[in-house]
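# Report on the structure
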Amino acid sequence: MIRSAIILQPPLVQLNGPYPSGAYLASFFKGISSSQGIHAVKWIDTSNLFFRHLFSASGISRLFNLSRENALLAAEKAEKSLDGIETARQIRRYLSLESAWISWIDAIVSILCGGDRELCHSFIRSPHAPRGARMDAFLTNIEEELTADDARLLATLAIEDLADYITNVYDNEFSLIRYAESIAASVHNFSYVESALDRPLIQDFFLPFLESLWNEVSAFCHTEGEILFCISVPFPGCLAGALSMARSIKKYFGNRSRICMGGGYVNTELRNTTTERLWTYIDSLSFDRGFGGYLAYFRGMGALRDSQPAAPLPLRMYCPPELQAEENVITSTIVPDYSDIDFALYPRLADTPNPMHRMWSDGAWIKAYLAHGCYWHRCSFCDVSLDYIRQYLLANIETLYSGLRTQALSAKVRGIHLVDEAGPPRALRDFALANVRASRADPKGGLLSFWGNIRFEKTFTRDLAELLAFGGLTGVSGGIEIASPEGFKAVDKGIDLENLVSVCAAFKEAGVLVHSYLIYGYWNESEQDVIDSAEVMRQIFATGLVDSAFWHKFVLTRHSRVYQEWQGGMHRGSSENPLARDLSPIDEKGDFADNDLRFVGEEESSRYTIPLESALQAWMHGESLDDPVKKWFPYSMPSPRIAKDLIESYIISYGKSRDKERNASFDANATYCWTASRPIKMRAESGDKTTFVWYYLGEEIIESFDSTVSEMFSAALYSIPVDS
C-alpha cells in the first residue's frame, strides 16, 4: 500500500519559480490522503535545488577541478583556428579567475535572490570580482555610471558566463533551463536517449546530489509502506534528469518505490511508446491531467493495466470514462498548493532590459490556470486532439483567487502567472475584480500583480483592457503565428489582423505589456507569406503595439489538426497543381517519442531562421524600424504585399471605434466600474455646480457637476462595490 507520495520536478526548468504541475499534484494528493491512507505528501523542486547545488562555492570548485585539463586542451585547440583566438582567451581567463568565481558565486546567487545588498556595490566595481564575455559586453556598452541597482543584471550575466564555460569545456548538452534537450526532442529511439545518462554533469554532479536528497526523503517518509514517486517531465530538456532520477530512486529505495512519470512531454511524445527498456526505469506513465488515472489506481481499477497484470502500477494511466465526471470536478475546483516551496531560494534573473522579458524572469511568480484546456481549440498547428487543449473546463475563480492570495501573502510573492493556453476574457475579468475587492478589504495585503496568455480577439475591448489593468494585470502574451491576412486564415486563428491591432492598442493604452508568439516554416507557407509576415511585424513594432516577440519554427505534430487532415487524405500534393504542397511525414516509426514529425520540404524554411531572428532582435531594441524588411534576407525575396501604412490605418480605425464607444450614452441597465482615483471637491460654484479633481491614467481631470452627481462624488467612492 502507498504510504507516501513524493512529487519531483527534475532539472532544468525556468529558474525564477517552480513549474506548476507539482503544486496541482500536491493539492490533489493531500486532498485524497485521508481516504487512501497516504501519511505523507511532499513536493520537491529538484530543478531549483540542483541549480543551487551546482552554482555554489563547492559546486564551482568541483567543476573547475573536473574540467581544468579539458579546458586547457580546448583552449589550445581553439587557438589553432583563426576565429578561435578569442575563445581560447576566454577559456584561459575562466581558469585564471577560478578563485574569484569560487569566492563570489554564493554572493552572486544571493544577489539574484534579493539578498547581499551590501555586496552589490562591491560586485559591480571591484577589480577582483570575476568577469566573463557576457559581463564584458554589458560593461562596455553601458552608457551610464553603474549603481548597485545594476548588480542583478550583472549577476545574471555572471551565471550565464559560467553556463557558457560548462557548455564549452565540460558538457556541451548543458543549458541553464534545459539539459540534453537535443537528445530528447523528437527522438524516436530510446537507446539514443539513454546515452545522455552517462554525460559528465549527470555522473559527476546530479547523481551525487540525488544520493543526499534521498536521505532526506527517507527521513520524511518514516512510516512503513511503499513510496509513490511522481516525476514531472514538462519539456524534452527535463527527460535526462527524470530518467537519472528514476534510476537513482530504484537503486536507493528498491522495491519500496513506485515511479510514475507524467507531464507535457509524456502527454505529447510518449503516448505510443513501445520501448521495453523504459520500464526498467519507471513503473508507469501518467497521461493527461493525472487525477483520474491516480484515482483509478488507488481504487484498484485493474482495467487500466496493459499487458502485465502483476505489475504494481498500470503501465499507462488514463482517466477511465466512469471517473471522468469526478476528475472534471477536481479540475474545476482544485487550487495549486505551494506550501512546500520556499520562494526565497529562486533567483530573479535580469538578462535583458526588455520590459516584457524582464517582467517574467525578474520575479518568482506563483503559477495557476483559470481554465483547463483552450476555449478555441481550433488552431490547425496545435495538439487539438489531446486533453490539455481539447477539454475546456473553467475553474471556480473566487475559490482559486482566494487560495492563491492566501499563499501569495504567506510566501511574500505578490505575483500570479496564469498559465492558461488562452485566458478566457470573462474569467480574467472576474479574477481582476476579485483582486480589487480583496485589496480593498485587506489594504495591508494590497493588490496582486498578474499576467498570462490570451487570444488576441475582439472581446478584449479598450474598457476590458483597462479594467484588467486596474485589477492588477501587467502583461499579456498571445499567438500571432503567421502575421499576415493570409496567415491567419491558414492556421485558423479565428481572428484577423484588424482585431489583433485593436487588442494590442487597447492593452498598450491601458499600460499593459504585450508579447507575441510567431511561427515561420508552416508547411504551406510561401516566400511571399514570410516576407508579408515580417513586414506586418515591422509595422507593429514601429507603432509600439508590442513589447517583444519570438519566432518559432513550425513543427508538425501527430496530434495536430493539420496532421489529422493529412491522414484523411488532404495536403498530399498534386501533379495537376504544382503549387499544392505535400505534408507527407518522412520519419520512420521508432520505439520512443513520436509526436514531432519531419515532413517533405521542412528543411527549406531553415534558411529563414537567422534573418527573422536578426530582424526581431533589432526591432525589439527600437532599431532598423524604417528599413525595408528585404534587407534582412541575404538572398532574393519578393516585395511585401502589405501597404506601408496598413497597421497605422488600423490604429486610426481603432481610435475612432474606441471614442465612439466612450461617447455613447450610459446604459441604465449596465454595470460600470470606476477606475480613476477618488474625486476631491475643489469648490462650490454658482448655479448649484461643484468642481472636483481626480486622476485618471496619470492625468489630472477637473470637472464640474450639478448637485445630483456632486452628492454621489462627495460620498466615499471606495465604499462603493467595485462592480458598481
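The structure displayed is predicted, hence computed values, not measured ones.

Conventions we followed
Residues numbered from 1 in each chain as written. Predicted model: local features only at pLDDT ≥ 70, side-chain atom pairs only at ≥ 80, totals over all residues. Heavy atoms only, no water. Helix = DSSP H or I, 4+ residues; strand = E, 2+ residues; numbered from the N terminus. Rg over C-alpha atoms; globule rule 2.2 N^0.38 Å. Buried < 20%, exposed > 50% of the residue type's maximum accessible area, 1.4 Å probe, protein only. Pairing = 2+ DSSP bridges. Axes fitted to C-alpha atoms, helices over the stretch in contact; angles between N-to-C directions. Core = buried A, V, L, I, M, F, W, Y, C linked by side-chain atoms within 4.5 Å. Contact = heavy atoms within 4.5 Å. Disulfide = S-S within 2.5 Å. Lys, Arg positive; Asp, Glu negative; His and termini not counted. Salt bridge = Lys/Arg side-chain N within 4 Å of Asp/Glu carboxyl O. 1 Å grid on protein atoms, 1.4 Å probe; cavity = no way out; pocket = protein on both sides within 12 Å on 5 of 7 lines; lining within 4 Å. Points joined across faces, edges and corners; volume = space filled by probe spheres on them. Parallel < 35°, antiparallel > 145°, perpendicular 65-115°, else oblique. Left-handed = near helix turned anticlockwise from the far one by under 90°. Nonpolar A, V, L, I, M, F, W, Y, C, P; charged D, E, K, R; others polar. Right-handed = clockwise from strand over helix to strand, strands pointing away. Phe/Tyr/Trp six-rings, centres within 6.5 Å; stacked < 30°, edge-to-face > 60°. Lys NZ or Arg CZ within 6 Å of the ring centre and 35° of its normal. Polar contact = N/O pair within 3.5 Å; in protein donor to acceptor, adjacent residues only side chain to side chain. pLDDT = per-residue confidence, 0-100.

Attention now goes to the overall build of the chain. From N to C terminus, the chain includes 27 helices and 21 strands. A compact globule built from 724 residues would reach a C-alpha radius of gyration of about 27 Å, and the chain, at 28 Å, matches this within 12%. Overall, the chain is about 90 × 70 × 70 Å in size when its C-alpha atoms are taken along their principal axes. Every one of the 724 residues in the chain was classed for burial, and the buried ones make up 55%.

All right, on to the sheet that holds strand S9 (residues 366-368) then. Strands in a sheet are paired, the pairing made by backbone hydrogen bonds, and the direction either parallel or antiparallel. Taking strand neighbours across the sheet as the criterion, the six strands line up as S9-S12-S13-S14-S15-S16 in an open arrangement whose pairing is parallel. The open sheet has two edge strands with one neighbour each: S9 and strand S16 (548-553). Recorded for the sheet is a direction-independent mean angle of 20° between the axes of neighbouring strands. Where strand S12 (residues 415-418) and strand S13 (residues 449-454) come together, four bridges link them in parallel fashion. Pairing of Leu 418 across the sheet is with Gly 452, part of S13.

Across soluble globular proteins, you tend to see nonpolar side chains buried next to one another. Grouped together as the largest cluster of nonpolar side chains are 107 residues, with contacts concentrated most on Phe 29, Tyr 294, Phe 507, Met 537 and Trp 619. Examining the composition of this core, we find that eight residues originate from one element, helix H22 (residues 497-509), more than from any other. Those residues in contact with Met 537 that sit more than four places away from it in its chain are Ile 480, Ala 483, Ser 516, Leu 518, Ala 549, Trp 551 and Trp 619. Counting residues in each nonpolar core, the second largest holds 95 residues, with Leu 213, Ile 259, Phe 287 and Leu 315 among its members.

Attention now goes to the state of the cysteines. Within the structure shown, the criterion is met by zero disulfides. Not engaged in a disulfide, the cysteine Cys 120 finds its nearest cysteine sulfur in Cys 113; these two sulfurs lie 12 Å apart. Just so you know, Cys 260 is unpaired, no disulfide at all, and the nearest cysteine sulfur is the one on Cys 230, 5.9 Å from it.

Right, let's talk about the side chain of Lys 367 for a bit. Looking at where Lys 367 falls in the secondary structure, it is placed in strand S9. Look at Lys 367: it is buried, it has no salt bridge, and the nearest opposite charge is Asp 45 at 10.0 Å. Those residues within four positions of Lys 367 in sequence are excluded, and the remaining contacts are Gln 14, Pro 18, Pro 20, Pro 336, Tyr 338, His 417 and Val 419.

To continue, consider empty space enclosed by the protein. In total, this model carries two cavities of 30 Å³ or more according to the counting rule given. When its volume is computed, the second largest cavity comes out at roughly 40 Å³. What lines the second largest cavity is simply Leu 370, Leu 418, Asp 420, Gly 423, Leu 428, Gly 452, Asn 453, Ile 454, Leu 473 and Val 476. Mapped by element, the contributors of at least two residues to the lining of the second largest cavity are S13 and strand S14 (473-481).

Another aspect to go through is the environment of Lys 251. Position of Lys 251 among the secondary structure elements: in helix H12 (residues 239-253). A C-alpha to C-alpha distance of 49 Å links Lys 251 and His 571, two positions 320 residues apart in sequence.

All right, on to the pattern of salt bridges then. Tallied over the entire structure, the rule returns 41 salt bridges. Bridged by salt links that share partners, the residues Arg 462, Asp 463, Glu 466, Glu 509, Arg 658, Asp 659 and Arg 662 form one connected network.

Turning our attention to the packing of helix H1 (residues 21-36) against helix H14 (residues 291-298). With their axes 11 Å apart at the nearest point, H1 and H14 run at an angle of 25° to one another. Here H1 is positioned roughly parallel relative to H14, judged by the angle of their axes. Note that H1 runs across H14; the crossing there is right-handed. Residues Tyr 24, Leu 25, Phe 28, Phe 29, Ile 32 and Gln 36 of H1 form the contact with H14, whose own contacting residues are Phe 291, Tyr 294, Leu 295 and Phe 298. Looking at the contact of H1 with H14, its residues break down into nine nonpolar, one polar and no charged.

Across the interface, helix H11 (residues 200-220) lies against H12 with an axial gap of 10 Å and an inter-helix angle of 50°. If you check the angle between H11 and H12, you find them oblique. The interaxial crossing formed by H11 with H12 has right-handed handedness. For the pair H11 and H12, contact is made by Ile 202, Gln 203, Phe 206, Leu 207, Leu 210, Glu 211, Trp 214, Asn 215, Val 217 and Ser 218 and by Ala 240, Gly 241, Ser 244, Met 245, Arg 247, Ser 248, Ile 249, Tyr 252 and Phe 253, respectively. Taken together, the residues of the contact of H11 with H12 sort by class into eleven nonpolar, six polar and two charged.

Pairing in this open sheet of six strands is parallel, and the strands run S2-S1-S5-S6-S7-S8 from one edge to the other. Among the strands making up the open sheet, the edge pair consists of strand S2 (40-45) and strand S8 (316-317). In this sheet, strand S5 (residues 226-232) lies alongside strand S1 (residues 2-9) in parallel orientation, the contact comprising six bridges. Looking across to S5, one finds that Ile 2 is bridged to Glu 226. Lying on the sheet, H1 is in contact with S1, S2 and S5; it crosses S1 at an angle near 175°.

Counting buried positions along S14 yields eight of nine residues, so the element is predominantly enclosed. In this fold, the crossover linking S13 to S14 by way of helix H20 (residues 462-470) has right-handed handedness.

Scanning all chains against the criterion turns up 39 aromatic pairs. Ring geometry for Phe 190 and Phe 592: centres 5.0 Å apart, planes at 50°, overall tilted. In this pair, Phe 190 is assigned in helix H10 (residues 190-194) and Phe 592 in the loop between helix H24 (561-567) and strand S18 (596-597), connecting sequence segments 402 residues apart. For the pair Phe 190 and Phe 592, one class covers both residues: buried. Through a chain of ring-to-ring contacts, three or more aromatic side chains come together here, namely Phe 28, Phe 29, Phe 291, Tyr 294, Tyr 297 and Phe 298. If you follow Lys 42 out to its NZ or CZ, it ends over the ring of Phe 220, 5.4 Å from the centre. Over the ring of Phe 123 we find Arg 131; its NZ or CZ atom is 5.7 Å from the centre of that ring.

The residue Thr 691 is located in strand S20 (residues 689-696) in this model. Assessed through its relative accessible area of 1%, Thr 691 is described here as buried. Among the polar contacts made by the side chain of Thr 691, one reaches the side chain of Ser 704 at a distance of 2.7 Å.

With that settled, the discussion passes to the environment of Asn 189. With respect to the helices and strands, the residue Asn 189 is situated in the loop between helix H9 (181-184) and H10. Residue classification places Asn 189 among the partly exposed residues on the basis of a relative accessible area of 42%. Here the alpha-carbon distance between Asn 189 and Ala 23, two residues 166 residues apart in the chain, equals 32 Å. Dropping the residues within four chain positions of it, Asn 189 is found in contact with Gly 590, Asp 591 and Phe 592.

Two faces make up the sheet, and in a regular strand the side chains alternate between them. When you tally the buried positions in S5, you get six out of seven residues, the bulk of the element. Pairing of S5 with strand S6 (residues 257-262), which is carried by six bridges, proceeds in the parallel orientation. Bridging across to S6, Cys 230 finds its partner in Cys 260. Following the chain from S5 across H12 to the adjacent parallel S6, one finds a crossover that is right-handed.

With that out of the way, let us pick up the confidence of the model for the chain. This prediction gives the chain a mean pLDDT of 90; 93% of its residues lie at or above 70. When mean pLDDT is compared element by element in the chain, strand S10 (residues 371-372) scores highest at 98, while H9 scores lowest at 53. Here residues 303-310 is a poorly scored stretch, pLDDT under 50, and it has 14 contacts once near neighbours within four places are set aside; other chains count. Every residue in residues 715-724 is under pLDDT 50, and counting partners more than four places away or in other chains gives 24 contacts.

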